[in-house]
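The chain contents come next:
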Amino acid sequence: MDACERGGRTPPRAPEGARACFHDKLALSSFQPAGKSRNGSGAVAGPARAPGISIRERAQGLPDVEFPAGSPRTGERRARRTPDDRHAGVPEPGDAVKVLVTGSAGFIGSHVAMRLLDRGDEVVGVDNLSDYYDVSLKRARLAQFGSRPRCIHVTADLADRGAMESIFAEHRPQRVVHLAAQAGVRYAAENPHVYVSSNVTGFLHVLEGCRHHGVEHLVFASTSSVYGANGAMPFSEHQPAEHPLTLYAATKKANESMAHAYANLFGLACTGLRFFTVYGPWGRPDMALFLFTRAMLAGQPIRLFNHGRHRRSFTYIDDIVDGVVGVLDRPPTGRADWNPLAPDPATSRAPYRLYNIGSGESVELTRYVEVLERCLGLKAQVDSLPLQPGDVPDSHADCSDLEEALGARPRTPIEVGVPRFIEWYRHYHG
């Protein structure tokens, strides 16, 4: 009997090679929030908490500013040890970098911020704590940081130009990881102006802050949704992506174009990361795994659009963080051999690069549900529904460029990642 059949309390050890992921050539720490540890199986253990008090309850009423001010801005960094490291921008041990992380109370942003702190960097987190989904979950993510030094959280809206100018002027980050956005593919049909305000205007303010304050590298989140009507799989960064099917995807495609313009005009090194269906502990409540788990535990049916025949490159959060941090240390320099007569969308003469970050396996949604059923020990009641407008039937990530750049690619299978999510979900909800 495996851990899933026992109810998902103890996720199985990753199959040999499954968690090699990005650690083949990079000395990156694995995700380990304050108060958490890994048990013998490699699973994330739940954070310590007072008896009878859930994480969610403990997070209620947290103030807007969660963290004490970090140490003063790091001075000029020491010379790198090797020419390769100098080119890649990889920090020496103990050579801290100040990083601005937008969306620091979000799913991916909180994980990235913790990883950067674990390796010794300074982090300035920015998040507006919007009520798109339960704010108590965002506050609980922030509560993981406790009173860690070298970390500060600022509650601010990216669309507030004055606030963003002040943040850059006061904190003067060396690098920026931009993960904040109005998320959700379908929600854009109901609230289009929010998407443009956050994802386009907000991104402009990030670009301007980087431009005027000497930021050495901007890494920003894009999405696999930009591939839209493209049916040639696996999706490659070198394919055109000119037919987005939703406003959300269109705003992310706009981000890629805006970043290239700033790389070309101002020499700002920019790297865009097209994320593929990210899941894992501390995930968003509007994502499939969270929705399915909640419904099944409540004895309610789950809704399977396209009758469950969707295929996705489900990508575990630790693999995403490995990629984000690995890319952050390797700013692009531009390609002298870039050919304007056969333009490659993923590269440029300017210091600009696009990468896919996704599992190399495309998994049908019905299989995803089967793994979840084994973990919960429950059979899902299914409402089988047609494809929704704007949904992409299939996605499949080609991550060969990322593997070439970092030495490895995301490899965590859903048989390992889903049990880890279930363990976190049970602990979070008490």
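Residues numbered from 1 in each chain as written. Predicted model: local features only at pLDDT ≥ 70, side-chain atom pairs only at ≥ 80, totals over all residues. Heavy atoms only, no water.

J.: Sorry if this is basic, but what is going on with the overall build of the chain here?
T.: Counting its secondary structure elements, the chain contains 12 helices and 13 strands. Burial statistics for the chain: of 430 residues in total, 56% are counted as buried. About 17400 Å² of surface is accessible on the chain, with carbon and sulfur atoms providing 52% of the total. (Helix = DSSP H or I, 4+ residues; strand = E, 2+ residues; numbered from the N terminus. Buried < 20%, exposed > 50% of the residue type's maximum accessible area, 1.4 Å probe, protein only. Areas by Shrake-Rupley, 256 points an atom, 1.4 Å probe, with all protein chains shown as cover.)

J.: How should the pairing of strand β4 (residues 175-178) be read in this particular structure?
T.: Each regular strand carries side chains that alternate between the two faces of the sheet. Neither face of β4 is exposed, since R175 and V177 on one face and V176 and H178 on the opposite face are all buried. Direction of pairing for strand β1 (residues 98-102) relative to β4: parallel, over a ladder of four bridges. Residue pairing for β4: L100 is matched across the bridge by V176. Where β4 and strand β5 (residues 217-223) come together, four bridges link them in parallel fashion. Looking across to β5, one finds that R175 is bridged to H217. Note that the unit made of β4, helix α6 (residues 192-212) and β5 has a crossover that is right-handed. (Pairing = 2+ DSSP bridges. Right-handed = clockwise from strand over helix to strand, strands pointing away.)

J.: What's the story with the pairing of strand β3 (residues 151-155) in this structure? I'm lost.
T.: In terms of burial, β3 is largely enclosed, as four of its five residues are buried. Bridge analysis of strand β2 (residues 122-127) against β3 gives five bridges, and the strand direction is parallel. Looking at the pairing, V123 lines up with C151 of β3. Read from β2 through helix α4 (residues 135-143) to β3, the crossover connection turns out right-handed.

J.: What should I look at first to understand the packing of aromatic side chains in this one?
T.: Aromatic ring pairs: the centre-centre distance and the angle between the two ring planes describe each pair. By the definition in use, this model includes 20 aromatic pairs. For the ring pair Y187 and Y195, a centre distance of 6.1 Å and an interplane angle of 50° mean the geometry is tilted. For the ring pair W282 and Y428, a centre distance of 5.7 Å and an interplane angle of 65° mean the geometry is edge-to-face. Of this pair, W282 sits in the loop between β7 (278-279) and α8 (288-297) while Y428 sits in helix α12 (residues 414-428), and the two are 146 residues apart along the sequence. Assigned by exposure class, W282 and Y428 land together as buried. (Phe/Tyr/Trp six-rings, centres within 6.5 Å; stacked < 30°, edge-to-face > 60°.)

J.: Can you walk me through the pattern of salt bridges in this structure?
T.: Here the idea is simple: oppositely charged side chains can pair when their charged atoms come close. Tallying each qualifying case throughout the model produces 20 salt bridges. For the salt bridge of R175 with E216, the shortest nitrogen-to-oxygen distance reads 2.6 Å. Separated by 41 residues along the polypeptide, R175 in strand β4 and E216 in the loop between α6 and β5 bring together distant segments of the chain. By relative accessible area, which is 1% here, R175 ends up buried. The salt bridge involving E361 is made with R367; its shortest N-O contact spans 2.6 Å. For E361, a relative accessible area of 37% translates into the label partly exposed. Under the relative-accessibility criterion, R367 is labelled partly exposed at 27%. (Salt bridge = Lys/Arg side-chain N within 4 Å of Asp/Glu carboxyl O.)

J.: Hey, could you run me through the environment of V206 in this one?
T.: Tracing the chain through its elements places V206 in helix α6. For the pair V206 and T102, spaced 104 residues apart in sequence, the C-alpha separation works out to 9.1 Å. With residues near it in sequence (within four places) discarded, V206 still touches L158, M164, F168, V176, H178 and L218. (Contact = heavy atoms within 4.5 Å.)

J.: Just checking my understanding: could you explain the packing of α8 against α12 for this structure?
T.: Contact geometry of α8 with α12 gives a least axis separation of 11 Å together with a crossing angle of 60°. Comparing their axes, α12 and α8 come out oblique. Where α8 crosses over α12, the two elements pack in a sense that is right-handed. Residues L289, F290, T293, R294 and L297 of α8 pack against V418, F421, I422, W424 and Y425 of α12. Here the residues of the contact of α8 with α12 sort into eight nonpolar, one polar and one charged. (Axes fitted to C-alpha atoms, helices over the stretch in contact; angles between N-to-C directions. Parallel < 35°, antiparallel > 145°, perpendicular 65-115°, else oblique. Left-handed = near helix turned anticlockwise from the far one by under 90°. Nonpolar A, V, L, I, M, F, W, Y, C, P; charged D, E, K, R; others polar.)

So yeah, pure geometry; function would need other evidence.
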